[in-house]
Amino acid sequence: MSISRRVFLASLFLTSSLSIRQAHATTPLRVGDQKGGARALLTAATLIDQAPVSLQWSLFAGAPMLIQALTAGAIDVGVIGDAPLVFAQAGGSPLKAVAAIQTDGTMTAIVVNRNSPVRTIRDLKGRSVATLKSQTGHYLALAALREAGLRDDDVHFVFIPPTAAKMALQNGSVDAWATWGPYIAEAKTNDGAREIINGGHLMSGLSYVVATTDAIRTRREDIVIYNRLLRDSHQWMLNHTEEYAAAWSQETGLSLPVAREVIKTMRATILPIDQDIIRKQQIVSDFMTETKMIPNQLTATAVFDPSVIF
């Protein structure tokens, strides 16, 4: 091959690479979110407009819907909890966890009505618990039952969406509600619900930034940037709790007292994937297999991509 031809091919390769990078710079990274989630935080921290990558947001009512969108290729990245990640892996969704979000686990809890005779988990024996199947509330309820020496079938699970569960708890159709975040805060603050247990010592406190395998292959640099934005915004939140509570309240339409209650449980650290995180997720996965939340044993390592360094 002549020198001139090698120079021409090298130039062609560089031009092609530049075109790909430029295309990625102008093509938004499609982010799945929930109301009061990542977009609200990045906006409050004034990082969203400074992002070197364009972000296109889609809102979902919960992790199952977000996972469906990832599986269908409708979005590139999103955040889901540890139990939904197991559920996604069991369902063969083409996604990987590329960053961990570590909280203290108290975001997930079980609440009962103010005047309920239920005071402890053991008091739930023979009663009904509303939750979402195979999600974090379901996980907590099963873990709490086992810690109390009860069987998985000692309560009757009612698998309904949060809006229906809220009404069912209020009108007494169910005895307890196992849920997370804003739903817990609103039930306690507005409805006088009592929390009987939370996930502080029973759950990993982990959630994850997940991305489709296709996005990891084609948008890796943009995903790294997104992880950094999340890391920096959570760091900002630690020192601006009241400011973020006000912004979160405005974003969600929920009251400031509810926002303050939620923010207490949202304090988190964004971490790269390491062996300790994979070990914790394996414990979650094994528990979900043992309790028949999923049918087969899984290897947690397979659902992580530790190579997305940020």
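Being a predicted model, the structure only gives us computed values, none of them experimental. (Residues numbered from 1 in each chain as written. Predicted model: local features only at pLDDT ≥ 70, side-chain atom pairs only at ≥ 80, totals over all residues. Heavy atoms only, no water.)

Visitor: Outline the side chain of Thr103, supporting the account with residue identities and numerical values.
Guide: Structurally, Thr103 can be placed in the loop between β4 (95–102) and β5 (108–112). Judged by its relative accessible area of 18%, Thr103 is buried. Polar contacts involving the side chain of Thr103 include one to the main-chain amide nitrogen of Gly105, which spans 3.3 Å. Residue contacts for Thr103: discarding those within four places in its chain leaves Ser204, Gly205, Thr265, Arg267 and Ala268. (Helix = DSSP H or I, 4+ residues; strand = E, 2+ residues; numbered from the N terminus. Buried < 20%, exposed > 50% of the residue type's maximum accessible area, 1.4 Å probe, protein only. Polar contact = N/O pair within 3.5 Å; in protein donor to acceptor, adjacent residues only side chain to side chain. Contact = heavy atoms within 4.5 Å.)

Visitor: Give a detailed account of empty space enclosed by the protein, specifying residues and quantitative values.
Guide: By rolling a water-sized probe across the atoms, one finds the places where empty space is left. Taken as a whole, this structure holds 1 cavity of 30 Å³ or more when the rule is applied. Computed from the structure, the largest cavity encloses a volume of approximately 880 Å³. Along its surface, the largest cavity is lined by 46 residues, and Gln34, Val79, Met107, Trp180 and Ser207 are the ones closest to its centre. If one sorts the elements of the lining of the largest cavity by residue count, strand β8 (residues 176–180) sits on top with 4 residues. Broken down by class, the residue content of the lining of the largest cavity amounts to 24 nonpolar, 19 polar and 3 charged. (1 Å grid on protein atoms, 1.4 Å probe; cavity = no way out; pocket = protein on both sides within 12 Å on 5 of 7 lines; lining within 4 Å. Points joined across faces, edges and corners; volume = space filled by probe spheres on them. Nonpolar A, V, L, I, M, F, W, Y, C, P; charged D, E, K, R; others polar.)

Visitor: Lay out the layout of surface pockets in plain terms, naming residues and giving numbers.
Guide: Each pocket or cavity is described by its volume, and for the largest pocket that value is around 350 Å³. What lines the largest pocket is a set of 18 residues, and nearest its centre among them are Gln34, Phe60, Ala61, Trp180 and Tyr183. Of the residues forming the lining of the largest pocket, the biggest block, 3 residues, is contributed by helix α7 (residues 181–191). Residue composition of the lining of the largest pocket, grouped by class: 12 nonpolar, 4 polar and 2 charged.

Visitor: For the environment of Val129, give the residues involved together with the corresponding values.
Guide: Within the element layout of this structure, Val129 appears in strand β6 (residues 128–131). What makes Val129 buried here is its relative accessible area of 2%. Setting aside chain neighbours within four positions, we find Val129 in contact with Leu124, Val155, His156, Phe157, Val158, Ala176 and Ala178.

Visitor: Can you lay out the nonpolar core for me, pointing to particular residues and giving the numbers?
Guide: Of all hydrophobic cores here, the largest spans 44 residues; its most connected members are Leu29, Leu55, Trp57, Ile223, Tyr226, Tyr244 and Trp248. Here this core gets 8 residues from one element, more than from any other, and that element is helix α9 (residues 220–238). Sequence-distant contacts of Leu55, defined by excluding residues within four places in its chain, comprise Pro28, Leu29, Val31, Leu42, Tyr226 and Leu229. Counting 30 residues, the second-largest nonpolar core is a separate cluster that includes Leu142, Ala144, Phe287 and Leu298. (Core = buried A, V, L, I, M, F, W, Y, C linked by side-chain atoms within 4.5 Å.)

Visitor: Explain the packing of aromatic side chains residue by residue, including any values.
Guide: Taken as a whole, this structure holds 7 aromatic pairs when the rule is applied. Ring centres 6.0 Å apart and planes at 50° place the aromatic pair Trp177 and Tyr183 in the tilted group. For Tyr183, a relative accessible area of 24% puts it in the partly exposed group. Both rings, one in Trp180 and one in Tyr183, keep their centres 5.8 Å apart while their planes meet at 85°; by these two values the pair is edge-to-face. An aromatic cluster of at least three residues, connected via ring pairs, comprises Trp177, Trp180 and Tyr183. (Phe/Tyr/Trp six-rings, centres within 6.5 Å; stacked < 30°, edge-to-face > 60°.)

Visitor: For the sheet that holds β5, give the residues involved together with the corresponding values.
Guide: An order of β7-β6-β8-β5-β9 is seen for the 5 strands of this open sheet, with the pairing classed as mixed. Whereas interior strands pair on both sides, the edge strands pair on one side only; in this sheet they are β7 (156–159) and β9 (194–198). Ignoring which end each strand starts from, the neighbouring axes of this sheet average 30° apart. Sheet analysis places β5 next to β9, joined by 4 bridges and oriented antiparallel. Paired with Val111 across the bridge in β9 is Glu195. Sheet contacts for helix α5 (residues 136–147): β5, β6, β7, β8 and β9; angle to β5, the most-contacted strand, approximately 75°. Strand contacts of helix α6 (residues 162–171): β5, β6 and β8, with the helix running at about 145° to β8, the strand carrying the most contacts. (Pairing = 2+ DSSP bridges. Axes fitted to C-alpha atoms, helices over the stretch in contact; angles between N-to-C directions.)

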